[in-house]
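# A look at the structure
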Amino acid sequence: MTAIGWLDPDVSGAAAQWDRAQVGRLARRLGYELIWLPERTSVPLVDQVRTADVDAVLVPSPKHLDALTLDCLSHIADVETAMPRETFARYFGGRRPCPA
């Protein structure tokens, strides 16, 4: 199983190293092989996740994703947060594809 690790550098600020460590620990605990995306890119996160075809996206906290991005990601992968520990499970069946 593979997962993308991602953090918003504007949210992490000076704690970016700590947040990366939290995501790394979460990946190990859940058994994911972790792939890190570049922090600054013009390609939207949802498109990067879709292209990578991974099982999950791991973030330090829900604050690192806006509501629309979280919803769109949930159409293509599970979203796992380290703190608080939450799972936003992938949507299956009956849902429209993400409009973005």
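Throughout this document, residue positions are counted from 1 along each chain, in the order its sequence is written. Two thresholds apply to this predicted model, a pLDDT of at least 70 for residue-level local features and 80 or more for giving and counting side-chain atom pairs, whereas whole-chain, interface and lining totals are computed over all residues. Only hydrogens and water are set aside; all other atoms, that is, all heavy atoms of the structure, feed into the side-chain values.

### Comments concerning unusual backbone geometry
At the junction of M83 and P84, the peptide bond is cis and its omega measures out at -5° in the coordinates. A positive phi angle, close to 55°, is found at D53, a residue other than glycine. Helix and strand assignments follow DSSP, with helices taken as H or I runs no shorter than four residues and strands as E runs no shorter than two, numbered in order from the N terminus. By secondary structure assignment, the location of D53 is in the loop between α3 (45-52) and β3 (56-59). Note on classification: 1.4 Å probe, protein chains only; a residue is buried when its accessible area is under 20% of the maximum for its type, exposed when over 50%, partly exposed between these limits. Residue D53 is classed as exposed on the basis of its relative accessible area of 65%.

### Topic: the pattern of salt bridges
Note that side chains of opposite charge can pair when their charged atoms are close. Here, a salt bridge means any side-chain nitrogen of Lys or Arg that lies within 4 Å of a carboxyl oxygen of Asp or Glu. The full count for this structure, using the stated rule, is two salt bridges. For the salt bridge of D47 with R50, the shortest nitrogen-to-oxygen distance reads 3.0 Å. Here D47 pairs with R50, and both are found in helix α3, just three residues apart, close to one helical turn. For D47, a relative accessible area of 32% corresponds to the partly exposed category. E80 is the salt-bridge partner of R85, the closest N and O atoms lying 2.6 Å from each other. For R85, a relative accessible area of 35% gives the class partly exposed.

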